[in-house]
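Here is how the chains run, residue by residue.
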Amino acid sequence: MAKSFRPSYSSYFTITLFIAISLAVTGCSNGEYSTPVDPSEPNPPPYEIGEEGKIAALLADQLVDREIRLGRELASGADFELLFVEADTEAEIEIINAESTDDEILRVEQINDDHLRLEAVEEGSATLKMSATVGDEGVIDDGFGFTTSIPSSVDFFGCSNAERPVVLVEESLLIRAVTRNEAGDEIASFGLTPFQIEPSDAAVVGATNRTRAEIEILVAGEPQSFALKSKFDDTEMFIDAIEPGDVNDLVLVNPSLWKPPPTIQLGEGITDFAWSVSVRPAVDGQPICNAELALEATTDTPEICSVAADGSSSTDVEAKDVGTCEFALTFPAGNDGQGVSKQLTAFVEE
């Protein structure tokens, strides 16, 4: 069965449009970060084609909602798996031989019929040489040249684009640490943790729940500030760990949806995005990363609308009659257990 992983240009447009609409409606998720990109530059494909154009490779554990380019320059210490298919047809292949031209620079281990694990060791260049069979078509040969470099710098990107993320104790957050070479170009650092945590007991790096683009930070139980410090330059990111009682604010994921108050048409049902309100606990207006706190929703106008909290971050609004819908959203754990609330208004019309 063929594995399809090469989106057409129309697919890229559809994916981009879908993400743009989703963010406009729901906002970024609690754990998301964003890396600035040049909108004038086209998105590179997430796969690499071998020098002979016969075999293609991509990361074996791609994220569901985006595709990450492998690239040919690797950070020393990177350790990751690749999936291989036939380049032209994307058909499954069976690897019969795979080796590096220099094991001191690039080490190769076969995982199964179509997966390899690569480890970037020392600085230098090496080529992954491969032979594989494709069904009954016989043997195909190809190669992938890689350069391994020691990173010169690291850039940190935290959730919600925060320069100094805030997270609850005993929770987690996702960080992207972008490694760069001396020229400032991003180099692949999959499987590498290019920073240290200070103080060391403030948090640990998640060992099992990490993707090729994100590193999970598991926060300890004590409220404190700690830093992620680059192993290659003086860059650092500070993170504040707080208790639920320190929450003193509640922010809408997309406040523009409620400024001015929206008009809800009676009888349309909750399929319209304006019927769902997404919120996040915050400190002085800054959303808290990946916060899971109980959310309550109460209506002041039950004859006009009913409200119901859906999980810890959203509320569904159901119109009952024409008029002004007044309701409140509350995180009871905030303000030292006294709760933190926000009043909202929506207009219900025929």
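Residues numbered from 1 in each chain as written. Predicted model: local features only at pLDDT ≥ 70, side-chain atom pairs only at ≥ 80, totals over all residues. Heavy atoms only, no water.

**Some remarks on the sheet that holds strand β18 (residues 236-242)**
Link 1 in the chain: In spatial order, the strands read β11-β18-β17-β14; together these 4 strands make up an open sheet with mixed pairing. If you trace the sheet from one side to the other, it starts and ends with β11 (166-168) and β14 (195-198), each paired once. Adjacent strand axes in the sheet meet at a mean angle of 30° when their direction is disregarded.
Link 2 in the chain: Across 4 bridges, β14 lies against strand β17 (residues 224-230) in antiparallel orientation. In the strand pairing of β17, isoleucine 197 is matched with leucine 228. (Pairing = 2+ DSSP bridges. Helix = DSSP H or I, 4+ residues; strand = E, 2+ residues; numbered from the N terminus. Axes fitted to C-alpha atoms, helices over the stretch in contact; angles between N-to-C directions.)

**Here's the deal with the pairing of strand β25 (residues 314-319)**
Link 1 in the chain: Pairing analysis gives 3 bridges linking strand β21 (residues 276-283) to β25, with the strands arranged antiparallel. The residue bridging valine 277 from the neighbouring strand is threonine 315, located in β25.
Link 2 in the chain: By the bridge criterion, 6 bridges tie strand β24 (residues 305-310) to β25 in an arrangement that is antiparallel. For cysteine 305, the partnering residue across the bridge sits in β25 and is alanine 319.
Link 3 in the chain: What sits between β24 and β25 in their antiparallel hairpin is a turn of 3 residues, with glycine 311 showing a positive phi close to 80°.

**Some words on a negative patch on the surface**
Link 1 in the chain: Among the surface-exposed residues, Glu99, Asp103, Glu104 and Glu122 lie close enough to one another that they form a single negatively charged patch.
Link 2 in the chain: Along the chain, the position of aspartate 103 falls in the loop between β5 (94-100) and β6 (106-110). (Patch = residues over 30% accessible without salt bridge, like charges linked within 9 Å, V, L, I, M, F, W, Y side chains within 5 Å. Areas by Shrake-Rupley, 256 points an atom, 1.4 Å probe, with all protein chains shown as cover. Salt bridge = Lys/Arg side-chain N within 4 Å of Asp/Glu carboxyl O. Lys, Arg positive; Asp, Glu negative; His and termini not counted. Charge placed at Lys NZ, Arg CZ, Asp CG, Glu CD.)

**A word on the sheet that holds strand β27 (residues 340-349)**
Link 1 in the chain: Here 4 strands make up an open sheet; going across it, the order is β20-β27-β26-β23 and the pairing mixed. What marks the edges here is a single partner per strand, and that holds for β20 (263-265) and β23 (296-299). Averaged over all pairs of adjacent strands, the angle between strand axes in this sheet comes to 35°, irrespective of strand direction.
Link 2 in the chain: Inspection of the sheet shows β23 paired to strand β26 (residues 323-331) by 4 bridges, in the antiparallel sense.

**Considerations on the pattern of salt bridges**
Link 1 in the chain: For the coordinates displayed, the defined rule picks out 11 salt bridges.
Link 2 in the chain: Close ionic contact of glutamate 51 with arginine 72 constitutes a salt bridge, the shortest N to O distance being 3.3 Å. With a gap of 21 residues between them, glutamate 51 in the loop between β1 (48-49) and β2 (55-59) and arginine 72 in the loop between β2 and β3 (73-75) connect regions that are remote in the sequence.
Link 3 in the chain: Judged by its relative accessible area of 48%, glutamate 51 is partly exposed.
Link 4 in the chain: Glutamate 236 serves as the salt-bridge partner of lysine 229, at 3.7 Å between the closest nitrogen and oxygen. (Buried < 20%, exposed > 50% of the residue type's maximum accessible area, 1.4 Å probe, protein only.)

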